[in-house]
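# Commentary on secondary and tertiary structure
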Amino acid sequence: MPSASWQSDEGLNFCPRCAGPLVPREIERRMRPRCERCGFIWYQDPKVAAGTLPVMDDGSLVLVRRAIQPQRGCWTYPGGFMDRGETAPGAAVRETREECLLEVEPTGLLGVYSYATSITVVVVYAARVTGGTLAAGPECLEARAFAVSELPWEDLAFSSTRDVLNDYLRREGGAP
Ligand SMILES: [Zn+2]
């Protein structure tokens, strides 16, 4: 998952179209930054991320330990922001390759995770491992397969990490 700069609502002070000042105005029932000069409205849409929960042949689950903020040092499933032109499963597979060097094939949608306190919407797939060798990519301190009984519940990075694991375990019939 990428860094925190986009999590701030302060973000832009100047119009990306004409460099005029952006000023908060009530537009369509919400305060939205609008350019005083050209009328451009900055709609602060959610960001879409995609990830996988890779399942090894022995049933263990792959998590990565983040090397970057937010939540540096904590564990989560491999994932990150989608680029335009990608599909959600395509982005999930790419992010998994980048973060833990595994080739995976999505086997089903685990869920779509959104929270009122976060601007990110995450699409997460269960996945089977088809290749590669498990190791940490540049944005991770560590990549590891955990037996279900050894999952690091006390050191999870995000609400969605906990929800993804719970949803997977519920689906597989093993209570956490
Ligand atoms: Zn403008």
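What counts and what doesn't
- Residues numbered from 1 in each chain as written.
- Predicted model: local features only at pLDDT ≥ 70, side-chain atom pairs only at ≥ 80, totals over all residues.
- Helix = DSSP H or I, 4+ residues; strand = E, 2+ residues; numbered from the N terminus.
- Buried ≥ 20, exposed ≤ 12 C-beta atoms within 10 Å, placed from the backbone.
- Contact = placed C-beta atoms within 7 Å.
- Pairing = 2+ DSSP bridges.
- Expected span 1.5 Å × (residues − 1).
- Domains from an automatic or database assignment.
- pLDDT = per-residue confidence, 0-100.
- Core = buried A, V, L, I, M, F, W, Y, C linked by C-beta atoms within 7 Å.

With that out of the way, let us pick up the overall build of the protein. Within the protein, the regular secondary structure consists of 2 helices and 9 strands. Tracing the protein from N to C terminus, the helices and strands come up as β-β-β-β-β-β-α-β-β-β-α. The principal-axis extents of the C-alpha atoms in the protein amount to approximately 60 × 30 × 30 Å. Within the protein, the proportion of its 176 residues that are buried is 29%. A fraction of 60% describes how many contacts in the protein between residues 6 or more apart in sequence connect residues 24 or more apart.

This part takes up the pairing of strand β8 (residues 120-132). Inspection of the sheet shows strand β3 (residues 47-55) paired to β8 by 9 bridges, in the parallel sense. Each bridged residue has a counterpart across the sheet, and for Ala 50 the counterpart in β8 is Val 123. Two elements, strand β7 (residues 102-113) and β8, share 10 bridges in a ladder whose sense is antiparallel. Within β8, the residue paired with Tyr 113 across the bridge is Val 122.

With that settled, consider helix α1 (residues 88-100). Compared with the 18 Å implied by 1.5 Å per residue over 13 residues, the 18 Å span of α1 between its first and last C-alpha is a close match. Those residues of α1 that are buried lie in contact with β3, β4 (61-66), β6 (79-81), β7, β8 and β9 (140-146). Of the residues one or two after α1, Leu 101 is the one with positive phi, at around 60°.

In terms of domain boundaries, the protein breaks down into domain 1 (10-44) and domain 2 (47-172). For domain 1 versus domain 2, the separation of C-alpha centres amounts to 34 Å.

Bringing the confidence of the model for the protein into the picture now. Scored by pLDDT, the protein comes out at a mean of 92, with 93% of its residues at no less than 70. A low-confidence stretch, residues 1-8 (pLDDT under 50), is modelled with 12 contacts involving residues beyond four sequence positions or located in other chains.

Let us now look at the nonpolar core. Ranked by internal contacts, the top residues of the largest apolar core, which has 32 residues, are Leu 53, Leu 110, Val 124 and Val 164. Mapped onto this core, the elements with two or more residues apiece are β3, β4, α1, β7, β8, β9 and α2 (159-172). Counting residues per element, this core draws most heavily on β8, at 6 residues.

The next point concerns unusual backbone geometry. In the segment running from Gln 69 into Pro 70, the intervening peptide bond is cis, with an omega of -5°. Looking at the element boundaries, Pro 70 is found in the loop between β4 and β5 (75-76). Of note in the backbone geometry, Gln 71 takes a positive phi value of approximately 65° without being a glycine. When you line up the elements, Gln 71 lands in the loop between β4 and β5.

The next point concerns the environment of Arg 72. Mapped onto the elements, Arg 72 comes out in the loop between β4 and β5. What makes Arg 72 exposed here is the crowd of 12 C-beta atoms within 10 Å. Sequence separation between Arg 72 and Ala 157 is 85 residues; the distance between their C-alpha atoms is 8.0 Å. Not counting residues within four places of it along the chain, the set of residues in contact with Arg 72 comprises Arg 66 and Ala 67.

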